[in-house]
Amino acid sequence: MRRMTVVGALFSVIVILMLIYIENGSEERQGFTAYRLIAHAAGSIGDQPYTNAYEAMVANYKQGTRVFEIDFMLTADRKVVARHEWTASMSEQLGQLDQLPKEKQGARLTHEEFMETPILERYQPMDVDAVMDLMASVPDIYIVTDTKEQKDEDIRLLLTELTEAALARDPALLDRVVIQIYNETMLDMVREIYPFSSIIYTLYATTDSPERIIAFVKANHIDAVTMPEHRVNPNFVAKLKEAGAVTYVHTINDANTVNNYEKWGVYGVYSDLLTEPELEKISLRYALQK
């Protein structure tokens, strides 16, 4: 009899925890945090990551993804384009070595050279105008900026050009631009350029303590924090939620890993391969609500 009582009590606790889990997971969220999947570098196309290509965004959008991280860099003539890095290895990965002279394979291209060099011989590279045109034509796409430049003056120019490209089309586009910051001081720079409504704080470049990060997030009303796997722990994730931020982990391409992090309270992931509908189907939250 006592054993049955204990089992019954444990079952009740499990049910209560499940109900709390469902309630917490079904909070009404607005903007980009309504989605748990952020497509890394526009998401893969044909199993090829890091393209930042027009076709990659379109293909992943058609599969249900709505939030796209885009890598932005400056060309040799100081134009903003979607590119992860100016290296020979990246040119090789994008299938561009045969299309470029040797001296250009690991160097910054001009804007014209960049736009006229197809990715994998068939996909269209994007500059900031192409990104904004796509956002203007598709009203529920969000982009997350990944500014790959290192100098403050270059980052400022990049974000200024991006802002002006959006303003030239429709100021409302900037409500769907999520700026990713890498340290505390970058937030001041961003806000000097434009009062962006959405910010993600990425932790891979900072050595600040969890306590300092939590205080910064709370004081500045940061929407989301994304971090590499080695920085994730349940207590940190819970404290960030208390401070008002959802948590993403990057870059995750395995469904079981997503589930494991979800148990720790992680809200979403950056991924090359997964899509928003796939994330919903493998979610523990989804299973409990069935």
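Residues numbered from 1 in each chain as written. Predicted model: local features only at pLDDT ≥ 70, side-chain atom pairs only at ≥ 80, totals over all residues. Heavy atoms only, no water.

Digging into the nonpolar core
Working step 1: Membership of the largest hydrophobic core comes to 68 residues, with the highest contact counts inside it found for Met-57, Met-132, Ile-143, Val-177, Ile-181, Tyr-201 and Val-217.
Working step 2: Sorting elements by how many residues they give to this core places helix H6 (residues 152–169) first, with six residues.
Working step 3: Judged by nonpolar contacts, the second largest core, of 12 residues, contains Val-144, Ile-200, Tyr-267 and Tyr-270. (Core = buried A, V, L, I, M, F, W, Y, C linked by side-chain atoms within 4.5 Å. Buried < 20%, exposed > 50% of the residue type's maximum accessible area, 1.4 Å probe, protein only. Helix = DSSP H or I, 4+ residues; strand = E, 2+ residues; numbered from the N terminus.)

Looking at the pattern of salt bridges
Working step 1: One pass over the full model with this rule turns up 12 salt bridges.
Working step 2: The partner of Asp-154 in a salt bridge is Arg-78, and the shortest N-O contact between them spans 2.8 Å. Of this pair, Asp-154 sits in helix H6 while Arg-78 sits in the loop between strand E2 (67–74) and strand E3 (80–82); the two residues are 76 residues apart in sequence, bridging distant segments of the chain.
Working step 3: By relative accessible area, Asp-154 is classed as buried at 7%.
Working step 4: For Arg-78, a relative accessible area of 38% gives the class partly exposed.
Working step 5: Arg-212 is the partner of Asp-208 in a salt bridge, and the nearest nitrogen-oxygen pair spans 3.7 Å.
Working step 6: On the accessibility criterion, Asp-208 (21% relative accessible area) is partly exposed.
Working step 7: Each of Arg-36, Glu-262 and Glu-280 takes part in salt bridges that share partners, so that together they form one network. (Salt bridge = Lys/Arg side-chain N within 4 Å of Asp/Glu carboxyl O.)

Some points on the environment of Val-232
Working step 1: Within the secondary structure layout, Val-232 lies in the loop between strand E7 (224–228) and helix H9 (234–242).
Working step 2: Here the alpha-carbon distance between Val-232 and Val-266, two residues 34 residues apart in the chain, equals 8.5 Å.
Working step 3: Residues in contact with Val-232, not counting those within four places in the same chain, are Met-227, Val-237, Val-249, Tyr-261, Trp-264 and Val-266. (Contact = heavy atoms within 4.5 Å.)

Focus on helix H8 (residues 210–220)
Working step 1: Three or more residues of H8 are buried, namely Ile-213, Ile-214, Phe-216, Val-217 and Asn-220. Across the axial projection of H8, the buried residues extend over an arc of 165 degrees, all falling on one side. Across H8 from its buried face, at more than 90 degrees, point the exposed residues Glu-211, Lys-218 and Ala-219.
Working step 2: Check the buried side of H8 and you find it contacts strand E5 (177–181), helix H7 (184–193), strand E6 (198–202), E7 and H9.
Working step 3: One or two steps after H8, the chain reaches His-221, where phi turns positive at roughly 55 degrees. (Arc of directions from axis to C-beta.)

Examining the packing of aromatic side chains
Working step 1: Within this structure, the stated rule accounts for eight aromatic pairs.
Working step 2: Ring centres of Tyr-35 and Tyr-142 lie 6.3 Å apart, and the angle between their planes is 55 degrees; on these two criteria the pair is classed as tilted. Of the two residues, Tyr-35 sits in the loop between helix H1 (2–25) and strand E1 (37–39) while Tyr-142 sits in strand E4 (residues 142–147), which places them 107 residues apart along the sequence.
Working step 3: Residue Tyr-142 is classed as buried on the basis of its relative accessible area, which comes to 14%.
Working step 4: With centroids separated by 6.2 Å and ring planes inclined at 80 degrees, the aromatic side chains of Tyr-248 and Tyr-270 adopt a geometry described as edge-to-face. Note that Tyr-248 is positioned in strand E8 (residues 246–250) and Tyr-270 in strand E9 (residues 268–271), a separation of 22 residues in sequence.
Working step 5: Taken together, Tyr-248, Tyr-267 and Tyr-270 form an aromatic cluster joined through their ring pairs.
Working step 6: The ring of Tyr-267 is capped by Arg-29, whose NZ or CZ atom sits 5.0 Å from the centre of that ring.
Working step 7: Its guanidinium or amino end placed over the ring of Tyr-61, Arg-66 lies 3.7 Å from that ring's centre, counting from NZ or CZ. (Phe/Tyr/Trp six-rings, centres within 6.5 Å; stacked < 30°, edge-to-face > 60°. Lys NZ or Arg CZ within 6 Å of the ring centre and 35° of its normal.)

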